[in-house]
Amino acid sequence: AVLPFVNMSSDAEQEFFSDGITEEILNSLASVKELKVAGRTSSFAFHGKNQDLRHIGDALGVNHILEGSVRKAGAQVRITAQLIQVDNGFHLWSETYDRELTDVFAIQDEIANEILKQLRSKLLTEDVVVAEAKRTTPEVYELYLQAKQRIYTRIRAEIETAVDELDEAIQLDGEYAPVFAQRGIATLLLSDQQYGSIPNDESARRAKRYIDQSLRLNPNLAEGLAGLGLYHSNGPQNTDASIDALVKALAINPDSARALTTSAYIKFMYDFDHKGAHADFEKAIQIDPNYATARQWYAELLATENKLDAAIEQLQIARQADPLAPIISHVMAWLLQYSDRKDEAYGYFEDALE
């Protein structure tokens, strides 16, 4: 598990930068098939919490934890990282990197490859190397990181601000594929069937242009392929194209709980492949146990199989992970209603409305 690196900068606004560094390292390690890396939602649930690492290791089901800190001042950045064995708390490795901000990609690559080097002798059966991160300017990279953090909030105003930041980044560097991928994902999320007000067909048409451009620039970009899978997931006529894109994304990043969850949803909703959906949902939840959307959709699958108690249990866990998500309260109310627990259902309906 890669825990969120602590922002040691005097500016609290730099939190997105330290979070972004953490996520990029997490994604680099997750792309190594020999490793199982806890998902972002679950790792970031421990953001700012000074808890015993053995407790965190048990909660996430991992044997090793990477933690660290980021201090950014002007064009200088200092990143410290330490790899800890959960069962005894011993430090296997630690390092401090002082770099010009232009070298931030090199730092990510160095840290990820150093971790692999340390783990190789204990866990891995063959030599593996993390692929180099795609380079851009520090200004573009900061805009990309900040926008990506806003998109994770699933709050309309934040996603709209992210769009402005991504547009600025595109103006500065029209060759940086990840910016186009996130611009496409943000556009899909701003449809009137998601978190925004753009008519759904128009949202899909605009988003496809950005996603296609990200894949023209980098055909093996996992976030671009995941965006393509999300785009095609809007209708049953495109399920094969969606699954194909998600399979490719998972080949690059096999521990993507989001790609697995979207794949499971399509198999359940459109292909009626319950066995395949169960397998994908269970793997997504194992990787990222706090990913509320995976548990919510899994609950809906269980409900269609008349496994209402199991479905309600999934929603209770999802609600702990994301207590303010109205859709979780809504689905919980619906399931309680059909379980002849109408008195309990009223409270959840009221929560969803509020």
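As the structure is a prediction and not an experimental result, all values here were calculated from the model. (Residues numbered from 1 in each chain as written. Predicted model: local features only at pLDDT ≥ 70, side-chain atom pairs only at ≥ 80, totals over all residues. Heavy atoms only, no water.)

Caption draft 1: Quick look at the packing of helix α1 (residues 15–30) against helix α5 (residues 138–152). At their nearest, the axes of α1 and α5 sit 9 Å apart, and the two run at 85° to each other. As summarised for this structure, α1 and α5 are arranged roughly perpendicular, according to the angle between their axes. Contact residues: F16, F17, D19, G20, I21, E23, E24 and N27 in α1; Y141, E142, Y144, L145, Q146, K148, Q149 and Y152 in α5. By residue class, the composition of the contact of α1 with α5 is seven nonpolar, four polar and five charged. (Axes fitted to C-alpha atoms, helices over the stretch in contact; angles between N-to-C directions. Helix = DSSP H or I, 4+ residues; strand = E, 2+ residues; numbered from the N terminus. Parallel < 35°, antiparallel > 145°, perpendicular 65-115°, else oblique. Contact = heavy atoms within 4.5 Å. Nonpolar A, V, L, I, M, F, W, Y, C, P; charged D, E, K, R; others polar.)

Caption draft 2: Molecular detail of the confidence of the model for the protein. Confidence in the prediction for the protein averages 88 pLDDT; 95% of positions are at 70 or higher. The lowest-confidence element of the protein is helix α4 (residues 104–120), averaging 80 in pLDDT; the highest-confidence one is helix α7 (residues 177–189), averaging 96. (pLDDT = per-residue confidence, 0-100.)

Caption draft 3: Seen up close, α5. Between the first and last C-alpha of α5 there are 21 Å, a value that for 15 residues agrees with the 21 Å anticipated at 1.5 Å per step. Taking burial as the measure, the 15 residues of α5 include 12 buried ones, the bulk of the element. Listed as buried for α5 are V140, Y141, E142, L143, Y144, L145, Q146, A147, K148, Q149, R150 and I151. The positive-phi residue at the C-terminal boundary of α5 is R154, with phi of around 60°. (Expected span 1.5 Å × (residues − 1). Buried < 20%, exposed > 50% of the residue type's maximum accessible area, 1.4 Å probe, protein only.)

Caption draft 4: Representation of the environment of F17 within the structure. With respect to the secondary-structure elements, F17 resides in helix α1. The exposure class of F17 is buried, given its relative accessible area of 1%.

Caption draft 5: Spotlight on the pairing of strand β3 (residues 76–85). When strand β2 (residues 64–73) meets β3, the two strands line up antiparallel, connected through 10 bridges. The partner of V70 across the bridge, within β3, is I79. Between β2 and β3, which pair antiparallel one after the other, the connecting turn spans two residues, and G74 there sits at a positive phi close to 60°. Relative to strand β4 (residues 91–100), β3 runs antiparallel, the two sharing nine bridges. Within the sheet, the bridge partner assigned to A81 lies in β4 and is E95. Linking β3 back to β4 in an antiparallel pair, the connection comprises five residues, with G89 at a positive phi of about 75°. (Pairing = 2+ DSSP bridges.)

Caption draft 6: The arrangement of the environment of A177 in detail. Here A177 shows up in helix α7. Judged by relative accessible area, A177 falls into the buried class, the value being 4%. Residues within four places of A177 in sequence aside, it is in contact with S214, L217, N218 and L221.

Caption draft 7: Inspection of the sheet that holds β2 at higher detail. Judged by pairing direction, the sheet is mixed, and its four strands sit side by side in the order β1-β2-β3-β4 without closing on themselves. Edge strands, defined here as strands with exactly one partner in the open sheet, are β1 (6–7) and β4. Sheet strands in contact with α1 are β1, β2 and β3, and its direction is about 140° off that of β2. Contacting β2, β3 and β4, α4 crosses the sheet at an angle of about 165° to β4.

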